[in-house]
Amino acid sequence: MSSRVPDEERRFSAVYKIVTLGEAAVGKTSLVNKYVTGKFQRDYHRTLGIDISTYDAQIDDHLFKLLIWDLAGQDIFRDLRTRYCQGASGGILVFDLTRPQTIETIPKWVEAFREAVGPDPLLILLGNKADLDKQRKISPAQGDTAAKELGLFQYKETSAKTGQEVTTAFNTLAKMMYRHHTSRRGPP
Ligand code: G3D
Ligand code: MG
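Let me sum up the structure you'll find in this document. Keep in mind it's a predicted model, so treat the numbers as computed, not measured.

**A short note on the pairing of strand β6 (residues 154-157)**
Part 1 of the reasoning: Sheet analysis places strand β5 (residues 123-128) next to β6, joined by 4 bridges and oriented parallel. Bridge pairing in β6 links glycine 127 to glutamate 157.
Part 2 of the reasoning: Taken together, β5, helix α5 (residues 140-149) and β6 constitute a β-α-β crossover, and its handedness is right-handed.

**Some remarks on the packing of aromatic side chains**
Part 1 of the reasoning: Enumeration according to the criterion identifies 6 aromatic pairs in this entry.
Part 2 of the reasoning: Taking the centre distance of 5.9 Å and the plane angle of 35 degrees together, the rings of tyrosine 16 and phenylalanine 64 count as tilted. Highlighted residues: tyrosine 16 in strand β1 (residues 14-21) and phenylalanine 64 in strand β3 (residues 62-71), separated in sequence by 48 residues. Both residues of the pair, tyrosine 16 and phenylalanine 64, belong to the buried class.
Part 3 of the reasoning: Joined through ring pairs, the aromatic side chains of Tyr16, Phe64 and Tyr178 make up one cluster.
Part 4 of the reasoning: Over the face of the ring belonging to tryptophan 109 we find arginine 81, whose NZ or CZ atom lies 5.4 Å from the ring centre.

**Let's talk about the pattern of salt bridges**
Part 1 of the reasoning: Per the counting criterion, the structure on display carries 8 salt bridges.
Part 2 of the reasoning: The partner of arginine 136 in a salt bridge is glutamate 157, and the shortest N-O contact between them spans 2.7 Å. On the criterion of sequence distance, the pair formed by arginine 136 in the loop between β5 and α5 and glutamate 157 in strand β6 is long-range, its members being 21 residues apart.
Part 3 of the reasoning: Using a relative accessible area of 26% as the deciding quantity, one classes arginine 136 as partly exposed.
Part 4 of the reasoning: Looking at glutamate 157, the relative accessible area reads 16%, which means it is buried.
Part 5 of the reasoning: Salt bridges here are not isolated pairs; linked through shared partners, they connect Asp96, Arg99 and Lys129.

**Side note on the environment of glycine 151**
Part 1 of the reasoning: Along the chain, glycine 151 falls in the loop between α5 and β6.
Part 2 of the reasoning: On the basis of relative accessibility, which here comes to 42%, the residue glycine 151 falls in the partly exposed class.
Part 3 of the reasoning: Residues glycine 151 and aspartate 120, 31 residues apart in the sequence, show an inter-C-alpha distance of 8.0 Å.

Quick notes on the rules
Residues numbered from 1 in each chain as written. Chains lettered and ligands numbered in written order. Predicted model: local features only at pLDDT ≥ 70, side-chain atom pairs only at ≥ 80, totals over all residues. Heavy atoms only, no water. Pairing = 2+ DSSP bridges. Helix = DSSP H or I, 4+ residues; strand = E, 2+ residues; numbered from the N terminus. Right-handed = clockwise from strand over helix to strand, strands pointing away. Phe/Tyr/Trp six-rings, centres within 6.5 Å; stacked < 30°, edge-to-face > 60°. Buried < 20%, exposed > 50% of the residue type's maximum accessible area, 1.4 Å probe, protein only. Lys NZ or Arg CZ within 6 Å of the ring centre and 35° of its normal. Salt bridge = Lys/Arg side-chain N within 4 Å of Asp/Glu carboxyl O.

Right, dumping it as structure tokens:
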């Protein structure tokens, strides 16, 4: 007798769309790959379009279906950025700790998300490539301040290469989305 439960019979606590946001080559795709497969993906194809990874995340007592949207084209119009975010419950907002210019454009991604989703965005800010310690240009305090100024709920330093904080970051976001949606629904 197989213990495999068919997908349609599983009890999901919720299904969420998550978007990745941030400049080119900060590590968005690598972070998603690390989270969904546990492996660091070294193949980098500069393709255009959107990849959607579907991932069943068991977090504490809940099983969530996460639809992780990952946008390959970076230099996109404001209108497309907003449409990409539509229907998202949350997002990971990524910059590269070794390239200060990638944190400077974070506000425009937050604005696109707010425009599409609402004034209270469930975005987690990630300073990625924490393994490249010698090339680091952004301090933990600078990342923290940026997240606070933009009204984001948390800042974390990650590495898609070593796996540092990757699972924690996505799981924290999933838990925040769940808390947010259940508290908004109110008592039965
Ligand atoms: P993007 O999806 O944001 O455009 P990618 O970024 O995930 O494609 O990553 C861009 C490059 O950064 C890739 O290198 C990738 O291997 C590297 N990278 C991503 N995350 C990390 C990290 O945490 N640490 C280190 N050291 N490198 C990382 P290549 O050379 O393939 O272009
Ligand atoms: Mg990518």
